[in-house]
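Per-entry structural report
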Amino acid sequence: MKIVILSRKRELYSTRRLVEAAEERGHVVRVINPLRCYMNITAHNPRVCYKGECLDDVQAVIPRIGASITFYGTAVVRQFEMMGIYCLNESVAITRSRDKLRSLQLLARKGIGLPVTGFANSTMYTDDLIELVGGPPLVVKLLEGTQGVGVVLAETQQAAESVIDAFRGLKANFIVQEYIQEARGADIRCFVVGGKVVASMKRQGKEGEFRSNLHRGGKATSVRITPEERSTAVRAARIMGLSVAGVDLLRSNHGPVVMEVNSSPGIEGIEHATGKDIAGTIIEYIEKNARPNCTATRGKG
Ligand code: ADP
């Protein structure tokens, strides 16, 4: 099979592992920077070009679109969909999962457990908003943040008000969320491929840190998840429409709650924590599922 990996950096662990796994299985793989692709928007014979060449003999596309290039990156994925080329994660699903507010609304609609979450635009009702999510301690999150940046724990009413006012002053979009104290600085990453949790790890924040992000010094270990956690992760990925997803859960007193569904989950942390060949599992899934003109959305929505 001819496979294209849309990634800006071929030296990234996840990209390298996907290349390795695909080549081991006899596929021809190219890593292409989506920002260098250009395309013709036309009903008739849509194309994606790269360095003067048209990429129309590709059988599968693996999007690894970073948060900072979601807009252009998903346009490139959408164009491949319009060409009838199989994309592991479709553009609409990637766009959905990138918008934290939209994804929480979609998950809530289907009854997935979530931390109680509030969102407001007006500057007038800070107190109400704080009350709406059950009062302090609470977590305030920038909608555009990644890797734990812009995620703040406000332990008192005063701290909550100052953080909210500060974010508003910066005209930043943010959500206010119930703090799941009983998670004790840990979260569970479930790696979902094709409707199955193929690996899961627990990430524990370093001493005194409520954020468990590995980029912030968190440590990952393999973990056994409960059937309820497994089905929550699988359902969350399905609701977003993602074939490959990293579903982040918190263990709350009232069962698993979903924090986030990631459409380009990192492979390094999970492979190291579990010793599993996740890249190989992804390529196998593509082998079984990649067919022309089988895109669910064909670029719609
Ligand atoms: P990012 O997408 O930037 O990583 P997250 O929403 O995943 O932001 O938050 C970063 C970390 O902060 C999480 O991995 C988790 O450990 C902690 N965290 C986030 N929200 C909550 C919450 N409502 N209650 C408890 N801990 C939380």
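Heads up: the structure comes first, above all this text.
So, a few notes on the structure that sits alongside this text. (Residues numbered from 1 in each chain as written. Predicted model: local features only at pLDDT ≥ 70, side-chain atom pairs only at ≥ 80, totals over all residues. Heavy atoms only, no water.)

1. Remarks on empty space enclosed by the protein
- A full pass over the atoms with the stated rule returns 2 cavities of 30 Å³ or more.
- For the largest cavity, the calculated volume is near 60 Å³.
- As for the largest cavity, its lining consists of Ser 97, Lys 100, Ser 103, Leu 104, Leu 107, Met 259, Glu 260 and Val 261.
- Put simply, the parts of the chain that give the lining of the largest cavity at least two residues each are helix H4 (100–109) and strand E16 (255–262).
- The biggest single contributor to the lining of the largest cavity is H4, with 4 residues.
- The space that makes up the second largest cavity amounts to roughly 40 Å³.
- What lines the second largest cavity is Leu 18, Ile 62, Pro 63, Arg 64, Leu 88, Asn 89, Val 244, Ser 263 and Ile 282.
- When the residues that make up the lining of the second largest cavity are grouped by side-chain class, the tally is 6 nonpolar, 2 polar and 1 charged. (1 Å grid on protein atoms, 1.4 Å probe; cavity = no way out; pocket = protein on both sides within 12 Å on 5 of 7 lines; lining within 4 Å. Points joined across faces, edges and corners; volume = space filled by probe spheres on them. Helix = DSSP H or I, 4+ residues; strand = E, 2+ residues; numbered from the N terminus. Nonpolar A, V, L, I, M, F, W, Y, C, P; charged D, E, K, R; others polar.)

2. Concerning the site of the ligand
- Around the ligand sit 20 residues, and of these Lys 141, Gly 148, Glu 178, Asn 213 and Glu 260 come closest.
- One nitrogen or oxygen atom from the main chain of Glu 178 is found 2.8 Å from a nitrogen atom belonging to the ligand.
- Separating an oxygen atom of the ligand from a side-chain N or O atom of Glu 260 is a distance of 2.8 Å.
- For the ligand, whose free accessible area comes to 540 Å², the fraction covered by protein is 96%.
- Of the residues assigned to the shell around the ligand, the class counts are 7 nonpolar, 7 polar and 6 charged. (Near = heavy atom within 4 Å. Polar contact = N/O pair within 3.5 Å; in protein donor to acceptor, adjacent residues only side chain to side chain. Areas by Shrake-Rupley, 256 points an atom, 1.4 Å probe, with all protein chains shown as cover.)

3. Topic: the layout of surface pockets
- Empty space within the second largest pocket amounts to approximately 210 Å³.
- Lining the second largest pocket are 16 residues, with Leu 88, Glu 90, Gly 241, Ser 243 and Ala 296 positioned closest to its centre.
- For the lining of the second largest pocket, the elements supplying multiple residues, two or more each, are strand E7 (86–87), helix H3 (91–98) and helix H9 (278–289).
- For the lining of the second largest pocket, a count of residues per class yields 9 nonpolar, 5 polar and 2 charged.

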